[in-house]
Amino acid sequence: MDGQERPGAPVAKYRLEVSTLVQCSTCDEAAVVDQPYRGGHACRRHFLSSVDDRIRSEFHHQNPRFSRGTVGVALSGGKDSAVALRATQRYFGRRPGVRVVALTVDEGIEGYRSATITAAQRLTEQLGVEHRVVRAETELGTTTDRAAAELPDTVPCSFCGVWRRRLLNQVARDVGAEVLVLGFNLDDLAQTILMNLVRGDLDRIGRMAPHRGRQPGLVPRIAPLAQIPEREVFLYAQLTGLPFDHGECPHAGRAARNVFREVVWQLEEAQPGTRQALLRTREQLLERIAAGGTMGAPNRCRVCGEASTGELCRSCIYLASVRLPMAPTEAH
Ligand code: SF4
Ligand SMILES: [Zn+2]
Ligand SMILES: [Zn+2]
């Protein structure tokens, strides 16, 4: 499936209905989107340039010293990573000495992942970007579907997300990436911050992307779409004709994030600018914490050698609870 409009679902899902009678706040053209957090509306041209400006400013803000080497981009085949890849290619692609590589993880999810991988392949061909696909089946000896069947009492996103982060880090390191670009949008980040605040997990707020500086064992992660609301990423992907897949993971209904998605939406509607305020809260916390010490995972996992807060990383703890054809090898 591609970025062409499918009747019904997606536009309603991203709450994008804008009356064609509303005018752009900057020019005389008809608006294509409302931006309540900015107190205005934007036509196609001003919308696209406002997204480009915010992405460029985030690249600059999050990664000021990168001028040569390899940039990895996590590419799922959905709208966010499609926009992130195009933006990375535009920002870095013409710099001599910078190589952009798209990295896709196949977690093994029947009826979902193969369509997104096809969309990812179409996009990388269209942009002329190198593409690597890593499979959980090959690298970990299991898949999200199989583990979900074996662990019916565990929400699949918990191990799936942990494994995907691990595989992305590994493949980013394998291709020699100095930095890993993620497609997290403003809503994703606001939800994650709120989720960790509610859980009282300040450490995880510190460790989440976008990273400040280098965390032991991790390729630094940046999130250039941090200031772009999800609905605007969707609209931008459509207006720029990017191939992407609208499909939804069959396990997504059980994600703890769903509650926070709804809560953030309600807060944003009641008080436009809530999402940006949550991001600023994180920035301020990091500044205060940085003044008093360091953040990040201090250890290496005894089994796989990846970054870990304890003796074993969460990926290996999950792997120990599912059946594998062979035991994971000791760290070297
Ligand atoms: S929704 Fe959950 S199970 Fe599905 S791909 Fe995302 S993290 Fe994995
Ligand atoms: Zn305009
Ligand atoms: Zn481990």
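Summarised in this report is the structure supplied together with it. (Residues numbered from 1 in each chain as written. Chains lettered and ligands numbered in written order. Predicted model: local features only at pLDDT ≥ 70, side-chain atom pairs only at ≥ 80, totals over all residues. Heavy atoms only, no water.)

**Quick word on the sheet that holds strand β7 (residues 221-222)**
Thinking step 1. Taken in spatial order, the five strands line up as β5-β4-β3-β6-β7 in an open sheet, and their pairing is parallel. Only two strands of the sheet have a single neighbouring strand rather than two, namely β5 (130-135) and β7.
Thinking step 2. Bridge count between strand β3 (residues 69-74) and strand β6 (residues 177-181): four bridges; the pairing is parallel. In the strand pairing of β6, T70 is matched with A177. (Pairing = 2+ DSSP bridges. Helix = DSSP H or I, 4+ residues; strand = E, 2+ residues; numbered from the N terminus.)

**Structural notes on the coordination of the zinc ion (ligand 3)**
Thinking step 1. Surrounding the zinc ion (ligand 3) are the protein donor atoms C301 (SG), C304 (SG), C313 (SG) and C316 (SG), which sit 2.3 to 2.4 Å from the metal.
Thinking step 2. If you look at the zinc ion (ligand 3), its four donor atoms make angles of 105 to 113° with each other, and the shape they trace is tetrahedral.
Thinking step 3. Read in sequence order, the donor residues coordinating the zinc ion (ligand 3) give the pattern C-x2-C-x8-C-x2-C. Residue C301 is found in the loop between β8 (299-300) and β9 (307-308), and its partner C313 is found in the loop between β9 and α13 (314-320); the two are separated by twelve residues along the sequence.
Thinking step 4. When its relative accessible area of 3% is taken as the criterion, C301 is described as buried.
Thinking step 5. Using a relative accessible area of 6% as the deciding quantity, one classes C313 as buried. (Donors = N, O, S within 2.8 Å, 3.2 Å for Na, K, Ca; no water. Tetrahedral: all angles 85-135°; square planar, octahedral: opposite > 155°, others 65-115°. Buried < 20%, exposed > 50% of the residue type's maximum accessible area, 1.4 Å probe, protein only.)

**A few points about unusual backbone geometry**
With the exception of glycine, the majority of residues adopt a negative phi angle, and the majority of peptide bonds are in the trans configuration.
Thinking step 1. With omega at 0°, the peptide bond leading from A209 into P210 counts as cis.
Thinking step 2. Residue placement: P210 occurs in the loop between α9 (202-207) and β7.

**With respect to the coordination of the zinc ion (ligand 2)**
Thinking step 1. Within the protein, C24 (SG), C27 (SG), C43 (SG) and H46 (ND1) serve as the donor atoms for the zinc ion (ligand 2), at 2.1 to 2.4 Å.
Thinking step 2. Read in sequence order, the donor residues coordinating the zinc ion (ligand 2) give the pattern C-x2-C-x15-C-x2-H. Remark: C43 occurs in the loop between β2 (40-42) and α2 (44-62) and C27 occurs in the loop between α1 (9-13) and β1 (33-35); sequence separation between them is 16 residues.
Thinking step 3. Look at C43 and you get buried, because its relative accessible area is 2%.

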